[in-house]
Every structure is written in C-alpha cells, then in structure tokens.
Amino acid sequence: MSFVTQGIGPALWASSLLALLVWSAYRVGARIWGLSGGSAAEFSVHEKRIFFTAMGMALLALGVLAIGLLGMLRREVAIGLAGLLFIFSLTGQKEKAEGWPEFSKTTWMWIALALFLSWLQALAPPTGHDALVYHLAHPREFIESGKIFAIPDSRESLWPYQMEMFFTLGLLLQGTILAHLFHWAFYVLTAYAIYAFVLRFQGGKKEAEWAMLVFLFTPLAFFQSSKAYVELGIVFFTFAAIYAFLVPFSHKKNNAVLSGLLCGGALGTKYLAFGALIPLVVLWIIQSWNLKKASLLFYFMAACALTGGIWYARSWILAGNPIYPFLSGLFGGNGFKDSVDRLTGMGQDFPAFIKLPWNFTLHPDAFPLGELIGPLYLMLLPLMALSVRNTKTQRAFLFYTFSIYLLVFTQQAARFLFMLAPYAAVGAGFAFAKARSYGAALWKTTQLLFYSALVLHGAIFVCQTWNAWPVALGAENARDYLLKNERSFRGFDYLNRHADPKESIFLSAQPRRFYRQRPDKAVFYTAALKNRLERQGIAWAEYLDREHFTFIWVEEGSDPEIRKYVQTHPYEKVFEYAHSEGKAKYVYSIYRYAI
C-alpha cells in the first residue's frame, strides 16, 4: 500500500515535520509582511501567529504547485522546497519569544483532549470518500507522474487545489499521516483565530476561551479534522479574511492587502469561496467610498489574485473556463449536464430559511454527510441575538456572516453549512458575555449547559475514535483495518493481488481510487468520461468493446448498460463482496474476460 503510513514512530516524525513547516511558514509570512512595508505593531501576538502563518502556508502551497507544473514533483525537490522555506524563515530580525497563550488549566485540559483525540484519529489510514476519490488520489497520481497535470476524464483536477498541494507535500515527505495532519493543522488554526477574534472585539478572556472550545468540540469540525478534506482550509481562510478586514489598522492599505491575500487563499481552496469574495468586495467598495480611497479595492483584488488567481488562470488555459466545469454556457469549454446537484436539505422556502439552524441541529441526517454540530449553537442563539450592537464592526461582521448563510442555504450539505461554524462560535463568545452580565443565575446555568455539552461531545469523540486507536498505535495492521472500514479496499486488494500489471481494469463501481496500484491500466467511471462519450455519440457497449478491458468492476448501482454488458459478453464473475457503512450496504462484483 504505497504512501500509507502508520504507527507511533511515523506519527511522531510526521508531527515534527508539520510543526517545523508551520513554524517556518509563520516566520516566512512575518518576513514577507515586513518586506512589503506592513507593520506588525498593531497586531496582537495571537494575530501575528494567525495571519503570518496563513500567508506562509499559502506561499508554501504555491511552491508545491510551481515544482509540479515544472515537472519536478519528486521527493528530493520537495525536501529542497521545505529546506528553502526553513532557511528563509531564519533570515530577518529575530523576534522576541512571546510564549503560549495564558489559558486557564481547565481550558488547557479541554484543548488537550480535543487535539489529542483528533490527532490520534488522523493517524489511521485514509477512509474518507472525497479523500480517496480526489483529495489524496490526485496528489498520488501527480507524484507518480512527477508533475501536476489535468487528469484525463476528471473535472476535479482543474479545480483550485491549494489544500491538495499540502497533501501532495505530505505524501512526498512522509505519507498519509502528514497529509492528514495538514488538514488537522487548520482545525487548530481556526480555533486559535476564533479565540483571538473574540479577545480583540469582545475583550473577555474567559469568553474567548469558551468560544474556541465551542468550535473545537463541534463534532463536525472534530471529525473533518482527521481526514484529507479541504473544508477546514476554506473555513480558516474565509474567517481570517473578514478578521483582517476588521482589524483597526491606522493605514487601511494594510487591511486591504492582508484581507486580499487571505481571501485569495480561500479562493485557492474551493470555488465556494466566491461566497466570501462577493461580500468582501462590497465591504471594500463601501470602505473605499467612505475614505475616498479607490485604491483600497484595487489592493484587495490584486492581493486576491496573487494568492488565488493562478488556479483560475490554469483552468482557463487548459479548459477554456476559469471555473471548469461550471457556467460553461458563459465561459465556454466542455461543461457538464446537471453538474451541480441541488442539495435542498429540508427545503428551500422561507420557513426552511428561518429554521435552518434548528433543522441542522436536530435533523442532521437530512443533510448530506449527516454529521452533528451539537446543541450549543442553538441553545445560545437567543443570547447571540441579544448581543448584537449597532457598531460598524458588528454591522460588517453580520453582513459577511449573513452572506455566508445565504450561500450555504442554496447548497445544504453539512460540509457547506460547516462554513458558518467560526461565526457561530464567535457569536457564542459574545453570548457568554451577555449571560454573565445578566446575573449569577443565568451565568451558572450557562456554565452548566456548556460543560455538560463538552462532556457529552468528549464522550462521543472517544467512542467514535475508539475503532482507530489500535491501527493508529500500531497494534493493528493497516490492511486489516481497511478491510473492515473502507469499502473500496477489498476490491483493490483483490485486483492488486490477482491482476497482471499488463491487464487493464474498468472500475464502474467505485470512484475511490487511492488504493489502486496500476494507474496507467485503470480507467474509472466518472461524470467527465460519461459526458465525453455522450458528446461523441459513443454507447457504453461500443466503448467497452473498443477498450477490451480484462477486468470490469461493478456494483448494484452501476450504470445498467455496463451491468448488462458484463452479463451478455464473455466475462465471468471472479470475486464478489459486500460492505456496510451505517445503514447503507454495498454489493460489488468483479468480472474477468473469459476468453
């Protein structure tokens, strides 16, 4: 199993590499900010760590992209890139050591619990759907090819891939553990940013700590953190972008540049970041008008383009569409029919709009992914509403939050709704302050509910991660773990052991491609392949006759034409297995050409 790493030794090595890379990114971000003429004097120590690390990480991702586009995607070059980052981080003026945040002992205990359990879960071999379909699978193909390229019959490989650059670097330097830990790092950074935000704009240290814990103990955030997904990346960068807008710099050019760089980081992560770009553009237009400085919008947009523009330019050059495959009627290129599935959750009328927090809290199964957010946000919502004040800062923050709310309401999947989590956690921080101001009775009740929720969520985290402990600690073999927990693995395990390297495979049953061993001989059923054949007027039977695959892998939900083909042509079933995930059961069959 190429790239799969497990055990305490590799985990400690991966964690050390992550710490070194994140520290180097922070130092490089600080250096770049200084060279650009920006002042760090108006930042708090926490804000320096957050903003400079974000800039350095964005630069690191662009470095990985550069060596990939140059066809130099090799381990020794990746080591050289990391080395250059580290060396550059040592240049410039030495900073005064400023120590750890002064959290209470109780807060440190809860932080340690959340971070340890999520870190431990990240040590397990990959099982997440999107991670195995493209977040990790495409970086693996890039590495095996030695370059970053548009993967044939794939729409995703032309998407903004900033987080995938971290996964690529992780696989090159260590393996799947480091790839997972890159996403985990944004779990930590987002929680820290929430703490710093509440501390600056609300002022209460206890409230800031609790707001951070609300986010850390959000089940959806916790379970996302251990997988090679991108959601925590976009959550962090979109939140940091509005944070940078609101910091009261004496020179607003600094706000524009910093906010733009961070918004560009979000745009480089996922198309969904346009939902953050639009309200930020509106806010900068208003700011420019009020200050009579039209250049502020220019600085913001230029900074956005600097960190995020390359992904859209690449897609435009290669596919004729900067947001391929969407809006092909506007931009041209080969788009997809019904390329955007409408995820309606529990409805998209006005009552559903108002009830979305209630529905998402109490009926998570109605939303794709179906993971919990917990009861705290909903319980604190009345106090959040009472905390609203008619100030310039709160108006801008609420406008931005409402814009994100409108965006995710149109696509009601849990991973999209999750974008609201940091703003809700900030609201929780202000709600805690309001509860304290209303007297001892309400404050004690709020504390009881808060700690009860932490205990409940902590118990859920322990139970949910228990299955991963043996493999994470090296007591269970990765293969045995995957046979039980990953539905694609048993089929790939069979093919990897029984298919000759020269034999070709068509996988119509399983888009999860990370565990295949022969990328040059494996063709996957994808929306892009189906779309291409339809445009060319080629039926599946004609395509399969022409390609003459040795193995065809199907499941009960495969295209009926493909299932009919293996039953009416000289193929024999050589392997069959079933796998259950929650309430769903999957039955797979592998056919081999019999003549």
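Note that this is a predicted model, so its numbers are computed, not measured.

Caption draft 1: Seen up close, the overall build of the protein. Of regular secondary structure, the protein possesses 27 helices and five strands. The C-alpha radius of gyration computed for the protein amounts to 25 Å, which stays within 12% of the reference 25 Å derived for 595 residues, consistent with globular compactness. Projected onto the principal axes, the alpha-carbon positions of the protein cover approximately 80 × 50 × 50 Å. In the protein, buried positions account for 57% of the 595 residues. Long-range pairs, those at least 24 residues apart, make up 72% of the contacts in the protein with a sequence separation of at least 6. Surface accessibility of the protein: about 24,500 Å² in total, with carbon and sulfur atoms responsible for 62%. Considering the protein, the positive charge centre built from 53 side chains and the negative charge centre built from 38 side chains are found 10 Å apart.

Caption draft 2: Structural view of the side chain of Ser 558. For Ser 558, the position within the fold is in the loop between strand 3 (551-555) and helix 27 (560-568). When its relative accessible area of 4% is taken as the criterion, Ser 558 is described as buried. There is a polar contact of 3.4 Å between the side chain of Ser 558 and the side chain of Ser 508. A polar side-chain atom of Ser 558 sits 2.9 Å from the main-chain amide nitrogen of Glu 555. Those residues in contact with Ser 558 that lie beyond four places of it in its chain are Ser 508, Ala 509 and Arg 563.

Caption draft 3: Up close: helix 24 (residues 489-498). Listing the buried residues of helix 24 in full gives Phe 489, Gly 491, Phe 492, Asp 493, Tyr 494 and Leu 495. Contact partners of the buried residues in helix 24: helix 23 (478-485), strand 1 (505-507), strand 2 (522-524), strand 3, strand 4 (571-581) and strand 5 (584-593).

Caption draft 4: Structural context of the pattern of salt bridges. Within this structure, the stated rule accounts for 20 salt bridges. Across the salt bridge formed by Asp 153 and Arg 532, the nearest N and O atoms sit 2.9 Å from each other. Here the residue Asp 153 occupies a position in the loop between helix 6 (137-145) and helix 7 (162-173), and Arg 532 occupies one in helix 25 (residues 527-536), the gap between them amounting to 379 residues. For Asp 153, a relative accessible area of 23% gives the class partly exposed. By relative accessible area, which is 22% here, Arg 532 ends up partly exposed. Note that Arg 497 and Asp 493 form a salt bridge whose closest N and O atoms lie 3.2 Å from each other. Here Arg 497 pairs with Asp 493, and both are found in helix 24, just four residues apart, close to one helical turn. When salt bridges that share partners are traced, they join Arg 140, Glu 141, Glu 144, Arg 513 and Arg 516 into one network.

Caption draft 5: Just the nonpolar core, in detail. Ranked by internal contacts, the top residues of the largest apolar core, which has 197 residues, are Phe 51, Tyr 187, Phe 215 and Leu 216. For this core, the leading source of residues is helix 8 (residues 176-201), giving 18 residues. The contacts of Phe 215, once residues within four sequence positions are left out, are Tyr 187, Thr 190, Ala 191, Ile 194, Ala 221, Leu 232, Tyr 377, Phe 418, Ala 421, Pro 422 and Ala 425.

Caption draft 6: The environment of Ile 505, seen in detail. Here Ile 505 lies in strand 1. Sequence separation of Ile 505 and Pro 325 is 180 residues, and the distance between their C-alpha atoms is 26 Å.

Caption draft 7: A nonpolar patch on the surface, seen in detail. A grouping of Leu 20, Trp 23, Phe 86, Ile 87 and Leu 90 is seen on the molecular surface, where their side chains present a nonpolar patch of about 460 Å² in accessible area. Mapped by element, the contributors of at least two residues to the nonpolar patch are helix 1 (8-35) and helix 3 (75-89). With respect to the helices and strands, Phe 86 occurs in helix 3. For Phe 86, a relative accessible area of 30% corresponds to the partly exposed category.

Caption draft 8: Expanded view of unusual backbone geometry. Tyr 324 connects to Pro 325 through a cis peptide bond whose omega is 0°. Looking at the secondary structure, you find Pro 325 in the loop between helix 14 (295-319) and helix 15 (328-331). A positive phi angle is found at Phe 3, which is not glycine, with a value near 75°. Of note, Phe 3 is situated in the segment before helix 1. Of note in this structure, His 548 is not a glycine but carries a positive phi near 55°.

Caption draft 9: Highlighting the sheet that holds strand 1. Across the sheet, five strands lie side by side as 2-1-3-5-4; this open sheet has mixed pairing. Bordering the open sheet on either side are strand 2 and strand 4, each of which pairs with just one other strand. Within this sheet the neighbouring strands show an average axis-to-axis angle of 20°, counted without direction. Pairing of strand 1 with strand 2, which is carried by three bridges, proceeds in the parallel orientation. Looking at the pairing, Phe 506 lines up with Val 523 of strand 2. With respect to the sheet, helix 27 is in contact with strand 1, strand 3, strand 4 and strand 5, its orientation differing from that of strand 3 by roughly 130°.

Caption draft 10: Summary view of the packing of helix 9 (residues 205-216) against helix 20 (residues 421-437). Where helix 9 meets helix 20, the axes come as close as 8 Å, and the angle between the chain directions of the two elements is 140°. The angle between helix 9 and helix 20 places the two elements in the oblique class. For helix 9 against helix 20, the interelement crossing comes out right-handed. Seen from helix 9, the contacting residues are Lys 206, Glu 207, Trp 210, Ala 211, Val 214 and Phe 215; seen from helix 20, they are Ala 421, Pro 422, Ala 425, Ala 428, Gly 429, Phe 432, Ala 433 and Arg 436.

Conventions adopted
Residues numbered from 1 in each chain as written. Predicted model: local features only at pLDDT ≥ 70, side-chain atom pairs only at ≥ 80, totals over all residues. Heavy atoms only, no water. Helix = DSSP H or I, 4+ residues; strand = E, 2+ residues; numbered from the N terminus. Rg over C-alpha atoms; globule rule 2.2 N^0.38 Å. Buried < 20%, exposed > 50% of the residue type's maximum accessible area, 1.4 Å probe, protein only. Contact = heavy atoms within 4.5 Å. Areas by Shrake-Rupley, 256 points an atom, 1.4 Å probe, with all protein chains shown as cover. Lys, Arg positive; Asp, Glu negative; His and termini not counted. Charge placed at Lys NZ, Arg CZ, Asp CG, Glu CD. Polar contact = N/O pair within 3.5 Å; in protein donor to acceptor, adjacent residues only side chain to side chain. Salt bridge = Lys/Arg side-chain N within 4 Å of Asp/Glu carboxyl O. Core = buried A, V, L, I, M, F, W, Y, C linked by side-chain atoms within 4.5 Å. Patch = residues over 30% accessible without salt bridge, like charges linked within 9 Å, V, L, I, M, F, W, Y side chains within 5 Å. Pairing = 2+ DSSP bridges. Axes fitted to C-alpha atoms, helices over the stretch in contact; angles between N-to-C directions. Parallel < 35°, antiparallel > 145°, perpendicular 65-115°, else oblique. Left-handed = near helix turned anticlockwise from the far one by under 90°.

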